[in-house]
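# Examination of the molecular architecture
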Amino acid sequence: MPFRLAALILAIFCVGTAELSPSGMLDDLSADLSVSLATAGLLVTAYALTMVVGGPLVTALTTRVPRKLLLVGLLAAFVLGNVVCALASGFGMLMAGRVLTAVVHGTFMAVCVVTAGDMAGEGKGGAAVAATQLGINLATVLGVPMGSFLAQHYDWRAPFAIVAALAAVAIVLVLAWVPGTPAPTVTAAHEARVFRRPNVWGTVGATVLCSGGMFTLITYMVPLLTGVGHLPRQWVPGVLLAYGVGSIVGNVLGGRYADRGVDRAVGRLSWILVAVCLLCWLLAPYAAGSALALVLFSLATFALIPGLQARVLAEAADAPTLSLTANMSAFGLGAALGSWIGGLFTDSGLGTRAVPLGAAALTASGALLVFALRRAARRVPAALPSNDRPLAVRTAEK
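For the structure given in this document, a descriptive report is provided here. Values in this document were obtained by computation on a predicted structure and should not be read as measured data. (Residues numbered from 1 in each chain as written. Predicted model: local features only at pLDDT ≥ 70, side-chain atom pairs only at ≥ 80, totals over all residues. Heavy atoms only, no water.)

### Considerations on the packing of aromatic side chains
All told, the structure shown has 2 aromatic pairs when counted by the stated rule. Taking the centre distance of 6.3 Å and the plane angle of 85° together, the rings of W156 and F160 count as edge-to-face. The pair formed by W156 and F160 is uniform in burial state, with each residue classed as buried. Both rings, one in Y243 and one in F297, keep their centres 6.5 Å apart while their planes meet at 35°; by these two values the pair is tilted. Linking Y243 in helix 11 (residues 236-259) with F297 in helix 13 (residues 287-315), this pair joins segments that are 54 residues apart in sequence. The exposure class assigned to Y243 is buried, which follows from its relative accessible area of 5%. (Phe/Tyr/Trp six-rings, centres within 6.5 Å; stacked < 30°, edge-to-face > 60°. Buried < 20%, exposed > 50% of the residue type's maximum accessible area, 1.4 Å probe, protein only. Helix = DSSP H or I, 4+ residues; strand = E, 2+ residues; numbered from the N terminus.)

Next comes the structure, spelled out in structure tokens:
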């Protein structure tokens, strides 16, 4: 792995930490800002919805901007948004900072992946993409537990300040280490043509539903641990650390499994995630059992994510930047849907205990859509142009 990729990994770590850390400190945000738990959860929902709209829009508006300049500009906006969060005196100001950082999230992640592939050289793009994914894993392993610990022992604003400072360092490293490239010649209209393929939209829809199931539980996993499982609060950072380690292991295993056949991997792993969500519901009242189930949930979640990403990219390989951004938006829409549904359960008579059931239902819907796509792929006529035939058909032809 080229050492210069460290600049991108650090930047992705910052972006991932900023996205995920509120889920590890919802109790503290709720208490300090005098809002309900469900209202605090809107910080996750609003971030995700902004990603959905902002990602494709920013990508379309910046198609002709040189990638290095674009990375620096997006990171600068990200730093500003986290400074606003760190200085927030109320819920409204904190929400404004979250929205600002979310606007640039999807485009930034997509440009990072494409840039990493270019930096690694021909034949090493897969390794480079895997390396950038390490930034998200580190955010899960270190960033989220750090945010939870600082929120408990110091102030919930501290994680945002630290992320802003690290992102400023990442800007310097990008300027020093990422090579400049000419402005892209492809237009947004050209890349947008890929979305005329029904199978692309079907895959994006499956990503929305499966990620919705993931974020239904991710958003409320700390209240589930402490409020239902009665886990002592001082143990929460340790459980989140174990959750992060599980995410790394799951990412590695899921990536290898997807390499053997992405359709099969997505189909099977989505049903495994459904089963793990049901296990989380079953073990929720028990502190140790709930913690163990959440670690298994991280394994299953991050094993499924590489397959979902690979399937979208394979179906839209001729539009990498926009398809990646659309994939980020799909995860964002799923996160918004999941956190909203989790909030409905939390505020209803069912309570936080039932949140894993909502997660299982959404994930099962995604698994059924994947199954339908695979069935439909087998009936597609071979006379269709190669790029318009679904992934399952093109794979079988090789």
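### Thoughts on the side chain of T226
Mapped onto the fold, T226 is located in helix 10 (residues 221-228). Residues contacting T226, with those up to four places away along its chain left out, are D27, L231, R233 and V236. (Contact = heavy atoms within 4.5 Å.)

### Quick word on the environment of L70
Within the element layout of this structure, L70 appears in helix 4 (residues 67-86). The class of L70 is buried, set by a relative accessible area of 9%. With near-sequence residues (within four places) excluded, L70 lies in contact with T62, V65, T107 and V111.

### What about the pattern of salt bridges?
In this structure the tally under the stated criterion is 5 salt bridges. Of the charged contacts, one joins R157 and D32 as a salt bridge, the two residues approaching to 3.7 Å between their closest N and O atoms. With R157 in helix 7 (residues 157-177) and D32 in helix 2 (residues 26-33), this pair connects stretches of sequence that are 125 residues apart. Note on D32: relative accessible area 42%, which makes it partly exposed. (Salt bridge = Lys/Arg side-chain N within 4 Å of Asp/Glu carboxyl O.)

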